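# Structure at a glance
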Amino acid sequence: MTPEAAPKKDFIRSRIASDVEAGKNGGKLHTRFPPEPNGYLHIGHAQAIWLNFSVAEEFGGKCNLRFDDTNPGKEDVEYVDAIRDDIRWLGYDWDDREFYASDYFRTFYDFAVKLVRKGKAYVDSLPAEEISAYREAQKDSPYRERSVEENLDLLERMRKGEFDEGTHILRAKIDMRSPNLNLRDPAIYRIRKIHHDRTGDEWCIYPMYDFAHGFSDSIEGITHSLCTLEFENHRPLYDWFIEQLEVFHPQQIEFARLNVSFLITSKRKLLRLVQEGHVSGWDDPRMPTIRGLRRRGYTPASIRDFCSNAGITKVNGVTQLVVLENAVRKDLNATAPRMMAVLEPLKLVITNYPEGEGELLDAVNNPEDPSMGSRKLPFSRELYIERDDFREDPPKGFFRLSPGTEVRLRYAYYVKCEEVVKDANGEVVEVRCTYDPATKSGQEGAPLRKVKGTLHWVSAPHAVEAEVRLYDNLFRVPAPEVGVEDFLENLNPDSLRVLTGCKLEPELGAAEVGQNVQFERLGYFCVDQDSQDGALVFNRTVSLRDSWAKVEKAAENRG
RNA sequence: UACCCCGUGGUGUAAUUGGCAACACAACUGGUUUUGGUCCAGUCAUUCCAGGUUCGAGUCCUGGCGGGGUAACCA
């Protein structure tokens with residue numbers, strides 16, 4: 001694992017530090033990550049995971065994994081396995097502390113009964129729309145003053161399944177005139193005659209999130225319950241529940257949800273992308289899901305680094321996508337082996353190199369890390385270079401190959417373009433060069449003339465073929481959800497480009513699924529799971545920074 | 001509309017709690033380089049506005065303005 005900078009001291013860490021210092025909760029810290037198993041985890045969850053686990057680690061505490069499974073109609077075990085897998089992949093471990101809100105259903109029910117006994121909850125029999133209207137009008141329900149006995153009886157019969165869904169509901173009895181909507185007698189138990197993945201058919205009433213969540217934290221002894229901003233208005237309600245039942249009081253602290261430009265993190269919208277076939281699945285390398293990022297070639301360390309870098313605040317901002325891209329570049333620059341690959345091949349023939357001969361050249365695996373050693377690279381008379389690296393009519397500032405110019409072939413020789421071969425359409429199909437044997441790479445001796453460009457190449461007879469998938473942003477604008485009726489209008493039609501017949505140096509033939517490599521001068525790539533024996537598929541994780549592309553684009557814009 | 005939260009470079013965050021506004025990314029200059037990569041150096045802000053307290057305010061107070069969240073028998 002690459003070393004990661006110590007996390008920045010955000011407002012949550014500062015607050016926890018002072019709590020710990022003050023000896024609150026005996027100086028102990030305990031957090032939790034509480035996903036609802038109703039979808040795959042995405043980059044936003046990654047930050048919440050990173051926050052909770054790294055804070056726990058930093059303060060010598062623990063972090064639980066708890067599935068918030070209070071709504072069986074929307075949840076599925078499929079997601080439980082995926083969520084576990086993603087968190088582990090990110091590099092975190094919850095040991096045996098895997099919990100479920102449903103583990104506490106019995107306790108929640110007992111709490112509800114206690115509230116009723118205290119006269120702090122009642123069964124309402126108004127239809128849903130009426131309850132909503134009454135809450136807005138700050139008007140008491142006609143059922144608000146039912147006796148404790150009647151409420152107890154109705155609640156018990158709700159539990160037994162005597163009523164249809166929607167006919168009755170248990171509400172907390174707080175204050176219908178409260179300026180905080182959440183305190184206007186919120187629902188705490190509703191009838192749902194649905195099978196639950198973990199509790200089976202034991203229950204036909206299920207607690208609301210607002211009722212269950214704070215108590216789950218309390219039961220597990222969570223000292224600091226970190227959640228996103230939209231729950232800020234709910235905190236007084238959680239505190240009220242905790243006070244009424246006189247149980248352990250976790251401290252909730254809210255922070256802003258992570259937003260990244262060009263990415264969407266709404267579960268509903270991600271689901272639509274999958275269901276309507278705009279992407280190949282939850283793990284499509286263009287998806288902002290953990291699985292998508294993973295398949296794309298992002299490393300756990302780079303994602304953690306990104307989360308830390310984006311920072312934790314209460315301000316709703318948008319982190320630029322390049323910050324994420326830079327995080328993976330930084331990690332892979334240090335760790336990924338360099339390899340030669342030509343994506344759009346152009347044949348290059350060295351006319352003065354003996355036919356049928358070849359040699360093995362030394363190539364460094366990673367100039368950033370000498371311990372990664374070197375390898376032998378086969379060289380011969382016929383090579384492939386990148387089509388982009390040759391211009392018959394070079395623009396100003398182009399210092400790659402063109403008629404009459406000389407460049408270095410990485411780890412090999414200088415070559416000079418002498419001739420161009422074209423097909424019937426006038427397209428260049430081959431460049432013919434001469435090489436200078438005295439310019440062999442690594443050779444000691446006389447100072448050489450300088451060339452400006454160095455090209456990557458692959459020996460034609462030794463090349464391994466592969467498919468390479470180039471990804472661009474799934475959306476063509478930084479904020480895909482604003483200014484349009486349907487975010488799909490902003491889908492980028494060119495977000496995937498598939499290249500076949502790419503030429504790789506032979507060493508790459510043995511690459512394994514998931515392996516990260518840098519294709520020299522091009523970018524970071526990784527082996528996709530679609531690879532078969534003899535039919536490799538690579539995903540481009542991210543390109544290298546490309547200052548020439550920038551210059552060219554600027555020239556284009558000038559006209 | 002009501003309630004709650006938040007305003008620091010182009011972007012994301014800092015600022016020892018009242019003491020020279022710092023870091024990263026982007027952009028632009030230049031240097032090194034057998035990856036137009038990496039690396040190195042430099043340039044880029046009167047802290048939303050107006051008052052007030054103070055020797056001193058990004059920080060405290062008052063009033064504006066602006067942005068966001070919530071108003072489910074979802075989480």
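In the block above lies the structure referred to throughout.
First, a word on what this report is: a plain description of the structure on this page. (Residues numbered from 1 in each chain as written. Chains lettered and ligands numbered in written order. Predicted model: local features only at pLDDT ≥ 70, side-chain atom pairs only at ≥ 80, totals over all residues. Heavy atoms only, no water.)

## A word on the side chain of Asp217
- Mapping Asp217 onto the fold places it in helix α7 (residues 209–219).
- In terms of polar contacts, Asp217 uses its side chain to reach the side chain of Arg66, at 2.6 Å.
- Those residues in contact with Asp217 that sit more than four places away from it in its chain are Arg32, Arg66, Ile222, Ser225 and Pro250. (Helix = DSSP H or I, 4+ residues; strand = E, 2+ residues; numbered from the N terminus. Polar contact = N/O pair within 3.5 Å; in protein donor to acceptor, adjacent residues only side chain to side chain. Contact = heavy atoms within 4.5 Å.)

## Comments concerning the pattern of salt bridges
- Applying the stated criterion across every chain, the model contains 56 salt bridges.
- Ionic pairing is found between Arg497 and Glu344, a salt bridge with its closest N-O pair at 3.4 Å. Of this pair, Arg497 sits in strand β22 (residues 496–504) while Glu344 sits in the loop between β11 (341–342) and β12 (345–350), and the two are 153 residues apart along the sequence.
- Taking the relative accessible area as the measure of exposure, Glu344 reaches 33% and is therefore partly exposed.
- One continuous salt-bridge network, built from bridges that share partners, spans Asp140, Arg144, Glu145, Lys173, Arg177 and Asp185. (Salt bridge = Lys/Arg side-chain N within 4 Å of Asp/Glu carboxyl O. Buried < 20%, exposed > 50% of the residue type's maximum accessible area, 1.4 Å probe, protein only.)

## A look at the sheet that holds strand β1 (residues 30–33)
- Taken in spatial order, the three strands make up an open sheet running β1-β2-β3, and their pairing is parallel. The sheet is open, and its two edges are formed by β1 and β3 (98–100), each paired on a single side. Between one strand axis and the next, the sheet turns through 35 degrees on average, direction left out of account.
- Of the pairings in the sheet, the one linking β1 to strand β2 (residues 62–67) comprises four bridges and is parallel in character. Bridging from a neighbouring strand, Phe33 pairs with Leu65 of β2.
- Where helix α2 (residues 43–58) meets the sheet, it contacts β1 and β2, and its direction lies at approximately 160 degrees from that of β1.
- Relative to the sheet, helix α3 (residues 77–90) contacts β1, β2 and β3, its axis offset from that of β2 by approximately 160 degrees. (Pairing = 2+ DSSP bridges. Axes fitted to C-alpha atoms, helices over the stretch in contact; angles between N-to-C directions.)

## Section: the protein's contact with RNA strand B
- Near RNA strand B lie 61 residues; those nearest to it are Asn316, Arg338, Ser441, Arg521 and Arg545.
- The side chain of Asn316 places a nitrogen or oxygen atom 2.6 Å from a sugar or linking oxygen of RNA strand B.
- A distance of 3.3 Å separates a sugar or linking oxygen of RNA strand B from a polar atom in the backbone of Val318.
- Residues that form the surface near RNA strand B fall into these classes: 21 nonpolar, 19 polar and 21 charged. (Near = heavy atom within 4 Å. Nonpolar A, V, L, I, M, F, W, Y, C, P; charged D, E, K, R; others polar.)

Everything listed is a geometric property; what it means functionally is a separate question.
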